[in-house]
Every structure is written in C-alpha cells, then in structure tokens.
Amino acid sequence: MRAIYLIARREFLSYVATWGFWLSLASVPLFMALGIGMPILIENSQPTRYYVLVDETGGSLEAAIEAQAEASRAEDLERAREAARDLFGDMPQIEAALASQPQLSDERYIRIDAGTTNLDELRPYLTGDTTFTAADGEHRLFAAIYLRQGADSAIQIDYWSANVSDGGLRSQIRNALRAYMQTQFLIDAGVDPGLIETADDLTPSVRELNPERTGDTAEVTDAERIPLVVSAMTAIGLWVIIFSVVNMLLTAMIEEKGNKVLEMMLASTRHHEILTGKLIGVAAVSATLLVVWGGVALLGTLGVQQVAASADMPIADILAAVLDPGLLLPALGYFIIGYLMYGAVFLAIGSLCETLQDAQTLMSPMMLIMMVPLLLVIVALKSPDSSIVAIASWVPLWTPFIMLARLPHDIGIVDIVGTTAAMIAMAAFVIWGSGVLFRMGALNQANQDTVKGWFGMGGKKKPAAS
C-alpha cells in the first residue's frame with residue numbers, strides 16, 4: 001500500500017506542482033464564459049448587410065415585406081415574454097423591460113436608398129469596385145432585389161448578390177412574399193380579409209399531461225424536462241473529462257518509458273502497484289478540478305435555487321431538478337468506473353509504445369470505440385426508447401455514458417442493475433488484463449516489434465554464430 005501511495009502522490013504532485021495546472025484551474029471560468037458567450041459574440045459580430053429593394057409594382061410588395069417583418073418581431077417578443085413567465089412567473093419589471101425593447105432580433109440586413117434603381121449603376125457597388133459611406137464606415141452593397149408581378153399575378157424576385165453563402169435575406173423576402181401571395185389568393189377567391197387575419201391568429205393550446213398522475217398535478221412542467229437535457233449534457237461532459245484524463249496517463253507513460261523512469265520504478269515496485277498508483281494519482285488531479293469548480297457551481301446553483309424558492313419563482317423547481325441527487329450520484333459512480341476502465345486501457349497502450357507516433361496507431365481503434373457513445377447520447381436525447389440505444393447501453397465500455405443519458409427516463413430496474421453489474425465486471429476484467437499487458441509492455445516483453453513479428457515484418461533473423 002505504501003508503494004501505491006507514493007506513486008499516486010508522485011503522479012498527483014507532478015501535475016499539481018506546475019504552473020500549467022493552476023493556469024488550467026483558473027481558466028475554467030473563462031472557458032465556461034466563452035462557451036456561453038461565444039455563440040452570442042459570434043451572432044453579434046456578424047457584419048451588417050446593406051441592400052437595395054426595388055418594388056416595380058408601386059409599393060404593394062414592399063408593404064407586404066414590411067408587414068411580415070413587423071409580425072415576426074411581435075412574435076419574437078411574445079415568445080420572450082412566455083419564456084420569462086415560465087422562469088420567473090408574473091413579474092411586471094421583466095414585462096416592462098421586454099416591452100421597452102423596439103425589437104429582439106438583430107437587424108443584420110439594412111435597406112438603403114442608393115440614389116438609383118438602375119442595375120448597371122448598382123453593379124459596381126455589388127461587385128465591390130465602388131463603396132458607399134454608412135454610419136459605421138465604407139461598405140459594398142450586399143444585394144439588389146427587384147420585385148415585379150406578371151400578368152398572371154405571379155411574383156418574380158430578381159436577387160442580385162455576389163455573396164452566395166448568406167441566404168438569410170433571400171429567405172426572408174421569399175417567405176414574406178409567399179405569405180402575401182397565399183393571402184391574396186384567398187382574397188381573390190372571395191374570402192373576407194378580416195377572416196384571414198383572424199385565422200392567422202388562431203393557434204391551439206397544448207397541454208402536455210402525464211398519464212401516471214391525475215388532476216392538476218398531471219401537467220408536465222419544465223422542471224420535468226430539464227433533467228433530460230442535463231443528463232445528456234452530463235454524459236457528454238463525462239466523456240470529455242475521461243478522454244482528457246486518460247490522455248494525460250498515456251502521454252506520461254510514454255515519456256517515463258522513453259526516459260527509463262519506468263525501469264527504475266520496476267526495480268523497487270511491482271507492476272500492479274505502479275498501475276494502481278498512476279490511476280489514483282491522476283484521478284486525484286481530476287478530483288481537484290471537479291471539487292473546486294464543481295463545488296463552486298453546485299453551491300452557486302443551490303444558493304440561487306434557495307433565493308428563487310423563497311420568491312416563489314418557477315425557476316426554483318428547474319434548478320432543483322438540476323441538483324437532483326438521483327442524477328448527480330450516478331454521474332459520480334459512472335465517472336469512477338469509466339475512468340478506471342479507460343485509464344487502465346490507456347496505461348497499457350502507453351506501456352507498449354516507445355513514442356507518441358507508436359501510440360497514435362494504437363489510439364485509432366480506441367477513438368472509434370469512444371466516439372460511438374458520444375453519438376448515441378445525442379440520439380438518446382430525443383429517442384431514449386430507441387432499440388439501438390437500449391442495446392448499446394449493455395456494452396460495458398459505453399454504459400457510463402449512455403445509461404447516464406437514459407436515467408431520467410423510465411427504463412426499468414433490470415436495465416439499471418444489469419448494465420451496472422456488467423460494467424463493474426468488465427471494469428474488473430479490463431483492469432486485470434491491462435495489468436498483465438502493462439507488465440509485459442513495461443518489461444519489453446510486448447511492444448510494437450512484437451506486433452510486427454506476428455505479420456513477419458521484422459525481417460529474417462540472422463543465424464546464430466557457431
């Protein structure tokens with residue numbers, strides 16, 4: 001036990017007693033902020049597109065496009081109000097703040113008056129040979145759009161643009177005019193325009209109910225939907241953490257073998273003690289990261305949940321679902337078992353390799369094995385009852401990830417107990433087998449040359465001297 005402790009302590013300090021570890025620890029909030037803010041930053045950093053719209057019908061099609069844009073903004077505002085009510089309840093301050101916003105969507109496309117509607121005169125602006133001055137600097141013209149209507153009332157859109165990748169403006173105008181054409185068709189058929197407007201406002205009221213409950217408690221709430229998303233995100237996070245940690249084990253093992261450090265350790269320590277100590281030491285590094293920032297996140301979420309509960313906000317139930325021990329405790333158990341399985345395998349792979357190049361050839365099949373559960377977790381998010389997901393969850397190497405995504409669903413005690421037992425048995429077998437392979441690799445009884453010898457790639461042996 002002392003040898004295991006000393007090796008684990010050495011592995012732990014070799015990572016913790018470095019500037020890189022503390023910089024990584026401090027950068028976790030930065031990466032979290034980037035993960036949350038990057039999509040917003042990317043969306044807000046999109047360039048403004050300036051376009052010219054020429055309505056050759058006298059303005060009716062232009063008015064239809066403006067009316068559709070206004071209706072879309074009103075719909076966005078109503079969705080934002082509903083989301084705010086679902087999270088915070090009826091709060092006049094939030095309602096007033098949303099109502100004060102002129103629009104919720106970013107106007108990336110701005111219509112301008114170029115002083116001409118002639119295509120030949122606009123062409124240099126479209127190609128970038130000539131620019132115009134706007135409030136934010138010099139710009140080329142993104143698009144010139146000509147609207148015309150034929151004798152059969154068919155609308156034709158001539159969309160001139162050198163940018164073939166951004167089709168947002170083209171889609172907006174096409175959808176707006178399609179709605180206009182459908183409305184005009186009904187009006188021409190004798191339908192009262194007031195009835196059409198009333199029909200557009202009609203929408204069903206959907207209540208999602210759970211048949212296992214009755215009365216007012218039967219309605220499904222957001223707090224019941226959140227665990228489904230949280231479980232899938234936790235499974236993906238577990239995959240990322242395990243993959244990162246086992247890579248640390250692999251690179252460290254190759255480095256120690258190349259520097260003959262492993263040979264010196266074997267002179268005074270048994271191979272299974274080295275394997276166990278390394279697994280525990282690197283696990284302690286990961287535990288340090290998880291305890292620090294996982295604990296901060298957990299306490300922060302718990303504090304917000306308590307405040308929201310005291311204010312009787314609906315978001316309190318959502319946060320309580322996130323903190324459900326029925327999800328957090330299995331996640332911890334699956335992490336431990338998954339780490340032990342994959343960590344032992346990667347240590348064995350590292351013992352067989354002399355260089356990182358050797359490791360890459362052995363890593364390819366492992367990467368394929370590890371990519372499968374990542375894809376199935378995404379499938380399980382929408383189709384947890386899929387037969388492929390259910391069968392794959394019985395594959396012990398994939399069980400930690402897929403079962404974590406399936407836990408919030410009613411999957412039955414047989415699946416939970418059976419897959420867990422198979423996973424634990426597989427973990428014990430993998431650790432034992434990796435230990436044997438680790439001993440052979442550490443003593444150079446098995447390496448890349450051994451594999452070459454199986455396929456006759458080692459060349460002919462020289463005859464022994466007489």
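Because the structure is a prediction, the values reported are computed rather than measured.

Criteria and thresholds
Residues numbered from 1 in each chain as written. Predicted model: local features only at pLDDT ≥ 70, side-chain atom pairs only at ≥ 80, totals over all residues. Heavy atoms only, no water. Helix = DSSP H or I, 4+ residues; strand = E, 2+ residues; numbered from the N terminus. Buried < 20%, exposed > 50% of the residue type's maximum accessible area, 1.4 Å probe, protein only. Contact = heavy atoms within 4.5 Å. Core = buried A, V, L, I, M, F, W, Y, C linked by side-chain atoms within 4.5 Å. Salt bridge = Lys/Arg side-chain N within 4 Å of Asp/Glu carboxyl O. Pairing = 2+ DSSP bridges. Axes fitted to C-alpha atoms, helices over the stretch in contact; angles between N-to-C directions. Patch = residues over 30% accessible without salt bridge, like charges linked within 9 Å, V, L, I, M, F, W, Y side chains within 5 Å. Areas by Shrake-Rupley, 256 points an atom, 1.4 Å probe, with all protein chains shown as cover. Phe/Tyr/Trp six-rings, centres within 6.5 Å; stacked < 30°, edge-to-face > 60°. Lys NZ or Arg CZ within 6 Å of the ring centre and 35° of its normal. Expected span 1.5 Å × (residues − 1). Arc of directions from axis to C-beta.

(A) Spotlight on the side chain of arginine 406. Along the polypeptide, arginine 406 turns up in helix H15 (residues 399-406). For arginine 406, a relative accessible area of 4% gives the class buried. In this structure arginine 406 touches Pro384, Val389, Ala390, Ser393, Ile411 and Asp415, once residues within four positions along its chain are discounted.

(B) Main features of the nonpolar core. Membership of the largest hydrophobic core comes to 60 residues, with the highest contact counts inside it found for Tyr342, Phe346 and Leu404. By size, the runner-up hydrophobic cluster in this structure holds 16 residues, among which are Leu53, Ile155, Ala176 and Tyr180.

(C) Looking closely at the pattern of salt bridges. One pass over the full model with this rule turns up seven salt bridges. The salt bridge involving aspartate 166 is made with arginine 49; its shortest N-O contact spans 3.1 Å. With aspartate 166 in the loop between strand S6 (155-160) and helix H6 (168-188) and arginine 49 in strand S1 (residues 49-55), this residue pair connects regions lying 117 residues apart in the sequence. Using a relative accessible area of 10% as the deciding quantity, one classes aspartate 166 as buried.

(D) Structural view of the pairing of strand S5 (residues 143-149). Among the seven residues of S5, five are classified as buried, and the element is accordingly described as predominantly covered. Pairing between S1 and S5: five bridges, direction parallel. Looking across to S5, one finds that valine 52 is bridged to alanine 144. In this sheet, S6 lies alongside S5 in antiparallel orientation, the contact comprising six bridges. Counted as the bridge partner of tyrosine 146 is aspartate 158 from S6.

(E) Structural view of the sheet that holds strand S2 (residues 109-111). Ordered by their spatial adjacency, four strands build an open sheet running S2-S1-S5-S6, and the pairing between neighbours is mixed. Only two strands of the sheet have a single partner each, and these edge strands are S2 and S6. With direction set aside, neighbouring strand axes in the sheet form an average angle of 25°. Contacts between helix H5 (residues 119-127) and the sheet are confined to S1, S5 and S6, with S5 contributing the most and set at about 150° to the helix. Against the sheet, H6 makes contact with S1, S2, S5 and S6, and its axis sits at roughly 170° relative to S6, the strand it touches most.

(F) Expanded view of a nonpolar patch on the surface. A cluster of nonpolar side chains, Leu30, Phe31, Leu34, Met38, Leu41 and Ile42, forms an exposed patch at the surface whose accessible area comes to about 580 Å². Owing to a relative accessible area of 33%, methionine 38 belongs among the partly exposed residues under this scheme.

(G) Local environment of the packing of aromatic side chains. All told, the structure shown has four aromatic pairs when counted by the stated rule. Aromatic side chains phenylalanine 429 and tryptophan 432 sit 6.1 Å apart centroid to centroid with 35° between the ring planes, which places their arrangement in the tilted category. With phenylalanine 429 and tryptophan 432 both in helix H16 (residues 413-442) and three residues apart, this pair spans about one turn of that helix. The class for phenylalanine 429 is exposed, based on a relative accessible area of 51%. Residue classification places tryptophan 432 among the exposed positions, given a relative accessible area of 57%. Positioned over the ring face of tyrosine 159 is arginine 170, at 5.6 Å from the centre of the ring.

(H) Spotlight on the environment of arginine 9. As for its position among the elements, arginine 9 is in helix H1 (residues 2-16). Arginine 9 gets classed as partly exposed once you look at its relative accessible area, which sits at 45%. Each C-alpha atom of the pair arginine 9 and isoleucine 280 lies 8.7 Å from the other, and the pair is 271 residues apart in sequence.

(I) Structural context of H1. Compared with the 21 Å implied by 1.5 Å per residue over 15 residues, the 21 Å span of H1 between its first and last C-alpha is a close match. Looking only at H1, the buried set comprises Ile4, Ile7, Ala8, Glu11, Tyr15 and Val16. When H1 is viewed along its axis, its buried side chains cluster within an angular range of 160° and face the same direction.

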